[in-house]
Structure formats: C-alpha cells, structure tokens
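Chain residues, written in single-letter form:
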Amino acid sequence: MKLFSISKRNTAAGIPDLDRRIAWFREILHANNAALGFIAELQETLQFSNPVTKAGASRMVTGVMVQAFRMISNLMRITGNEKHRELIARFNDLKAKISGTVELIPALKPVGFVLPLAGVGPDLAEAVGMKSAYLGEARRILRAHVPSGFAITVEAYRAFMAHNDLGARIASMMHGFREGDLVSRFDTSARLVQMVEHAQVPEEVSRALEEAVAGLPGGPDLRMAVRSSALHEGGHQMSFAGQYRSLLNVRRDGVVDAFRRVVASKYSPQAMTYWTERGFTDAEVAMCCCVVTMVDAAAAGVLYTFFPDSSGPRTIIQAVRGLGLTAGDGSVEPDTITLDPASRKVVEVRSGLQKILVRSAEGEGTEEVMICEADRRIPAMTPKQALLISELAWKMETALKRPLDVEWAIDRGGRAFILQARPLYDLAGRFGAARRPVLEGAPVLLHKGTRASGGAGAGPVCRVDTDLDIMSCPPGSVVTVGEANPRFTVLLPRAAAIVADMGEVTGHLATVARELRVPALFATRDATKVLKTGATVTVDADAEVVYAGRVESVLTDKEPRTAVHDAVREMLQTVAPLIIPLTLRDRFASGYSPRTCRTIHDIVRFCHQATIEAMFDLGDKALRHSRSVRKLISPVPIDCRIFNLGGGLDPGKDADSVEISDIVCRPMRALWKGMTDPRLHWRQTRPVSLRGFMSAVVDYNFDLDARLRPMGEPSYIFVTADYMNLNSRIGYHFSTVDARVCDTIELNYASFRFVGGSTSIEQRSRRAVLIEHLLAARGFETDCRADLVNARIRHRPPEEMDTALFEVGLLMAYVNHLDMALVSDEVTRRYEDAFLAGNYGFKA
Amino acid sequence: MADLKVLLVDDEQEFLEPMAARLTRRSISCTTAQSGEEALRLLSQESFDCAVVDVRMPSMDGLELLRKIRKSFSNLPVVLLTGHASVELGIQGMELGAFEYLMKPVELDELLDAIRRAAQESALIPDFQRA
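What you see is a predicted model, and the numbers here were worked out from it, not measured in a lab. (Residues numbered from 1 in each chain as written. Chains lettered and ligands numbered in written order. Predicted model: local features only at pLDDT ≥ 70, side-chain atom pairs only at ≥ 80, totals over all residues. Heavy atoms only, no water.)

1. Digging into the sheet that holds strand S13 (residues 416-423) of chain A
Through backbone hydrogen bonds, the strands of a sheet pair up, either in parallel or in antiparallel fashion.
All names here are of chain A.
Next, step 1: With respect to topology, six strands assemble into an open sheet ordered S9-S8-S7-S6-S12-S13, the strand pairing being antiparallel. Strands at the two margins of the open sheet, each flanked by one partner only, are strand S9 (345-350) and S13. Geometrically, the sheet is characterised by an average inter-axis angle of 20 degrees between neighbouring strands, direction not taken into account.
Next, step 2: Pairing analysis gives seven bridges linking strand S12 (residues 404-411) to S13, with the strands arranged antiparallel. Note that in S13 the partner of Val406 across the bridge is Ala421.
Next, step 3: Across the sheet, helix H11 (residues 383-400) lies against strand S6 (297-307), strand S7 (314-321), strand S8 (335-340), S9, S12 and S13, angled at about 140 degrees from S12, the strand it touches most. (Pairing = 2+ DSSP bridges. Helix = DSSP H or I, 4+ residues; strand = E, 2+ residues; numbered from the N terminus. Axes fitted to C-alpha atoms, helices over the stretch in contact; angles between N-to-C directions. Contact = heavy atoms within 4.5 Å.)

Following this line, the structure appears as structure tokens:
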C-alpha cells in the first residue's frame, strides 16, 4: 500500500496547521459515520434475512472497506507519522481475505448488441445472460450438436429500454406491484407487458439483429427459436425455470419483434413474482436473448445429469414427442428414462401419457395437436436415443465440471441436439430432509404422489384452475391444482403448500417451489377430488402425505421461509466475522492497539478514538498554550472535554474548567438546556460543588452494572460560536451530535447519531426505533438500521434549530438508562408515549 | 452559497445529463465530459473546484484519469463515482489521491455534500500532496 507524502511544513505556524487537522478530522468523522452505517446495514441484512443481491452486498462491503481506509489515511495525516503503520498491515490482511471472497465484478467492456454463439462462454454471462453463455460453451464442446445462432446482449436490452424511457416509467409502477394484492399485480403486469410490446426497438439494435439473422446459414425460409436468457445480477443459484418466454418457429423477418416480446415476458405475472420474490429490483434483471436455428423436433425434453435417487446418483430424462414446450409445463405426462451415469446404461423406462403434441405451425409459431387415444403411449424415444443424448450431456458435464440441466431435441432425421444447458443447482439440498415416515395415528387423507419440494405446510384447501381462481385464492392456502402449470407460480409466495394431480419434479413449477421453499406434492392423481375446498389440511411433502387438520408436530421443524440469494448470503456470512464484530473493548483495557484489531469494525473504532486523542493531544505545546481544551462542569454526569476551535467559549474565562454559562456555542447551549431540563431523571445526581460533582460521578459509576466501564472514556465536544461536534460515550452507548446554528438558514443543520448499548441486539434495536419515532415526530429526517439511528434536521431558522437541539438533549437524557427496560415492543411504545406527553420520569 | 464549478465525467449520457441538471438546480455550475480525454482538455481550459469521475469508462478509465489529474492539476480534488462497487478499485483510487469514493445510485445530497467537502478541504490546503 502506497503511502502519501505529507507536507512537513508549518508545525509552528499554529493556525494553518490546526485548520488542516480540523479538515482531516471532519473527514474522519464523516468516514466513521459512513463506515458504521455500512456495518449496521450488513448486520441488519444478515440478522433479519433481508433479501440481498450481489450488487447490494458488494456495495456494503466496498463501502465499509473504503471508508475504513479513508479513516486510516486521514489519521496518518493528522498524526503525520509512522505511529499507526501497524493499522495498515492489519487492514491489508483483512482486505486480502475479504476481497478474495467478494467476487470482483469483471470489467465489462462493451461487446455490441449481438454476439455469435461461437464467441460466447460463461465468462460473458454478464453480457449475455446464463443461457446464452452456457449454450455458447456447449457449442464449443459439442459443435454440430448445438444449433448455430447468436446472443442478443444486455447492451441491446438496455438500449431498447432507454430508447423508450421504459426504465423510469416502469420504476414508478414497481412499488405498486410489490405492495399490491394479486389482482393489482395482474393488472400492473398486464400494463407493463403492453408497454413493452408496443415500444419501439431502436434502429441500431434492429439493424444489428437483422444483420445477425442474415448471417445465419440456411435459406430464406430458415426458422429460429428466440429464447430468453435473463441476467439476474448476482443470482448464481437461480434456476431460471421457465419463467420467461421462448418463441419458436420464428421467421427471419420476425426476429426483431420476437426480441421485443421476449423482453415483455419479463413482466408476466409469474416472471415478476419470481424475480421480485427473489429480491431483485427491475434494474437488476436484464432480458437478453438467445437466437438459434430451429430444430424440427420429433422428440424433445429435459435431462438432469445428476438426480439423487434412493439407489444412487442417476441421470434422468423426460421426453415428449414433438416440440419440448410441454415437457415442463405439467400438461402431459412425459416418458421418464433413468440412466446410471457410472455404467452408462439405461436402468428404467417409465412411459407417460401424451394427449397433446406441439409442432411448428404453417405460418409462424407453434400449434397443439391432439393425439388419438391409441397413440398416447407411443414412446417418445428409444433407449438408444436416450443414451445418445446422455452421452452429449455427460461430455458437457465433465467439461464444465458441474451437474447440468439440459434441454434436448431429436430431429426427424434422428440427429441429437442440445438446445440449452445450465448449471443444475443443488437438488439434494432443495429436496430437503430425508423422507419422513407417516405419523402414527394421524388422520391421513392422501398418501401418494411425489415430493417436488420439501417441508410441510398447513392451511385451508383452495382449488385453483382458472385465472379467476388464482386471483381469489386467499393467502396461506394449501393450493390444489390439476396440472402443475407454471402460471401457478404467482401463488407460491403466499401459499402454505401446493398439491397437484399431475406434474413432474423436473418441471418449472416444482423448480420454483423448491427455490421459494414452498412444500409441494405432485403426481397425486386425484388430490383435487380428495381434498375438499375450505377444509384445513397439513401437507407433509417429505412423507408424501396429506393429513386432515393441522398436525403441529410435523409443522414445527420448518425452516424459515425466506427468499434468499444463497450464494450471495453465504459470501456475506463468510466476510461478516471479519467486518462486523467489535472485539476491541475498553480503551484502557490491556491490548488496545492496532495489533489487536481483528476486524474492520475494530479498525474503525480504533481510528476514531485515536483521532480524537490526537486532536486533544496535550503533549502538543501549541495546543496546551492555546487553552483550547477545558473540562466541563455540569449537572450531566458525563465527563466532558471541550475543545474550543475558536469563539466557542467566553474569552474572559480562563480556568481549566468551564461551566455551561461560559459556553458561547449556540447549539451546545440549546442541547444542554435539554439535557439538564428539571423534569428529567438526571436531576437527582446534580452536584453542588466540584467535590459534589466528583462524588456524583463516582455514584453514577457504581449505579450501573458492574460489567460496564462507563467512565473509562471522556466525551469530547468541539465548539465554535455556532458549531458543535459532540462525541459522547456512556457505557456502550455512543452518541454523536453535529450541528451548526447561525443566522443564515441554509447553513443550519443538526445531525444526530446514536448507536450501541449494553443489552441484547433486540433491546438495542428497540431503543433505536424509539429514538427514531420520537425524533421523526419532532420533524427530523430519520434512518434506522439495527441498533443505529441517524437523524437530521436542517435549513431552519435559528430559533427552530434551538428547539430541535433542546429536544435532542431531552431525548439523550431520557434514553440513557432505557435499553434495559425495553423488554417488549409494547413497553417500548409506552415509553414513546410517555416522552411525547412530557412524562420524562416515566417508568413502565 | 458560493457557486462551485464542477466537472462531471461519465461515459453514460443517461447518467450525465440528468445529474448535471440536478446539480445545476442546486447552484452548482456543472460542465460535463464523456471521456477522460475530453475531461483533460476541459481542465486545461478552465479551472474547477471539483471533478466527479466515473471509475469505469471505455477508453481511459477513471483511475487512469485520476492519475493524470493528480499529476497535472494537483489542486483539483476528485470524487470517484462508480456503478460497480469494487474493494480493490476503491482503495486504489484512495491511494492515488481521490478525495472520496461514492457508489451509484447516489443520492443527490450525498454527492453535493462530498463536492462541498472536497472543495472546502482543497481550498484550505492549496498545495497538499496526496500521492
């Protein structure tokens, strides 16, 4: 780490030196605020399982690291020396560990609107989305077995969105979506889809698409498949399970319009439910596309290279005749072929029932064709063909070193193609615990079907079939459906469980149920008949059974259902111990040195403390002679040191200690008026004389819990005539007040930060919320995260600023003892009400 | 409040224009540049109180521009602004002498505050060497 060179001039010149120190000091305070804010945000994210994206996580981690670094830099400028060099070493140590874990976002060089598939791989996933990235890789590995094509990039998507100012128009509707009920969600979704489908594709983009299409081999009648390849920023472990649209059998001149329609599918009800539940904002989901030559499929389907089975790891294929659109949408029962990847043999063939077949239509698009009764059980593929497809998939799995979810097709000539390949995320984990036995004696309504997603849930049965049913289905229901159709994903966030007559575990609805951790039981044959609407039932997917009524014992060991970005959360959990905990304790405890800083929070605290001490360094002759530092005598039992930056104290008074009446600083006088208000509890400890003060201080000490060392550190207050900066510590409560009050309204502000406490995080957080509510009631802008609260008021006339600071003083005194009393939210509210009523001596 | 002259450097037009407009409404005199080269040219023609620079730009990236600014316009404080948070780049920027490192989306007040602090500090310390 490079050091900066410090101008060595003017230590003797007094004022300029002090001015510079003050400027750096204020930067350190600012950085301290910012760093603690990021730490609180991290804490809150992990504590309360807030959804977090990769971008959000990077932001918090980068924020705290850079601000900590700024504190170290500025501290070294102030002290001008090598004394804190060790801090740099400690910081670099931590940085190496943290940076190594937080994946850096690779430099995104512009790639253009279109990229040929041959030129695309997983390293370009951020430019083209996962599907295109992996398909490009598949083409490299399997060559002719992957149809040729090109990727439409995130730049094309953004150009399209920007061209129509869609981003801003959509953003204004997103809040409505999140807060709304199902009916309004459907409405918002419909409007968004309309908006996008009618938007204009910018000329540069359509030109690029047309050129790319022209470059594809094949005659004028070439047909293409235009598929979504969405980019969910930071979503590594996302299944992308059929939430977006794929358009098949598209003509050459139809690609531009197809692109627009695939982008619009980002706003379908099920797609929006999917990415909003996973915690993404609109801006974080980019709709790229993958355009490939259409395969005229005689048979198609999906394949999982890895599938946990009681007899060991298996490769599982699901096959249908015709185009594979029906393979995952629950409308047909596909053939299932199971293979043993070790011996490379087919071990089981289970034939399905196919009533409908999808094929390319004459003009454009696809059409459904009924299959006559006699032909419904014709196998979609031979075991030999199954092996052919599997070989391709295994080859890719080996090359990519991870299990894959593959879409495949076999054309009329018998040639095998891979249409899609993506990492298969942890099925074993998502299936949940090992299968459970049926509970003895519990009333069983239904004991069949296959676990599609683990866990258990209970609620009233709600039979869902039409869109109207979807919209009127109450939250907390056990949803029953005939087909496991992906359009039912919109119900998942609020459903207790979902039970389907048909449906496959590899299908779209099952995959999303697993991601959102909703218990799901499929292929039950007749759940829709057996389970009566309105009756309360308990679905135990792990036991593959449905009980009548609520069976508590099965419901109790549920994992909390949170929609999380697992990879991102895991990353945060890995770096959190290096950032969040404060292991440095008391300034005066042994071992308080840079060497004992174990976390970034330690470094931040150490720098803050060291800075203040440096500013107050009485070894500095210049300062000592200037009488800048005085001790404050006041009824408030805090050891206060005042640093006069100029004009803050009555120049006539020259003693080592000052009283409040000697303070000229306007904001400080207002604050102290509040803190010493006669109605406050503190009055009991008012000292009569200096000796009295000292004993009052001592008494206060012993009143508190013996674990605390409250008086270890004095509180520092910097003053001028109209500016104050207070850093106060009482026990483990830290308060900062930074304020300016003068006759110029635009310059006036008062900022207040309060953090910490000695009790549990719940109680500290309650106190922060209490402070937030009370200050907001007084007109402050507030912001509260975990046990940290920030409040600010500004640009008011001086009299209003005085009143605001007075209120802050009252509040600081009021909350001083409070965190041990805030045992519940109810009690907290009573303390809030008491304060608002002026009852400052209230005890619940 | 005194008018501050700020140079805003970002390759994304969609960011540059609205941000410049917002800053102007808050009495900041704002000049925009879409590349490092354009920025350096403008800096040689007029004086500014602060430069706000995007870290990632196609031809000359923000850190490269920062290096050049520290060399030729050492009094000018630089606030780095990035759409992609990166610990390494952020700290590198600080080591190279940037005043602050902000991440998009940035609140207008946060940016304004950083600009004011930067201008104040460099006015106070005219020939302070940072790197």
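Read on, since the account is not over.
2. A closer look at the pairing of strand S21 (residues 545-548) of chain A
All names here are of chain A.
Next, step 1: Pairing of strand S14 (residues 444-446) with S21, which is carried by two bridges, proceeds in the antiparallel orientation. Pairing of Leu446 across the sheet is with Val546, part of S21.
Next, step 2: Counting the residues that bridge the hairpin from strand S20 (residues 536-540) to S21 gives four residues, and of these Glu544 lies at a positive phi of roughly 55 degrees.

3. Concerning the pairing of strand S5 (residues 100-103) of chain B
Residues and elements named next belong to chain B.
Next, step 1: By the alternation rule, side chains of S5 split into Glu100 and Leu102 and Tyr101 and Met103, which are all buried.
Next, step 2: Inspection of the sheet shows strand S4 (residues 78-82) paired to S5 by four bridges, in the parallel sense. Following the sheet pairing, Thr82 is matched in S5 by Met103. (Buried < 20%, exposed > 50% of the residue type's maximum accessible area, 1.4 Å probe, protein only.)

4. Thoughts on unusual backbone geometry
Residues and elements named next belong to chain A.
Next, step 1: Unlike most non-glycine residues, Arg143 shows phi in positive territory, near 50 degrees.
Next, step 2: Position of Arg143 among the secondary structure elements: in the loop between helix H4 (125-142) and strand S2 (149-152).
Next, step 3: In this structure, Ala523 is a non-glycine residue whose phi angle is positive, near 55 degrees.
Next, step 4: Along the chain, Ala523 falls in the loop between strand S19 (520-522) and helix H15 (527-530).
Next, step 5: Overall, Ala523 belongs to the partly exposed group, its relative accessible area being 31%.

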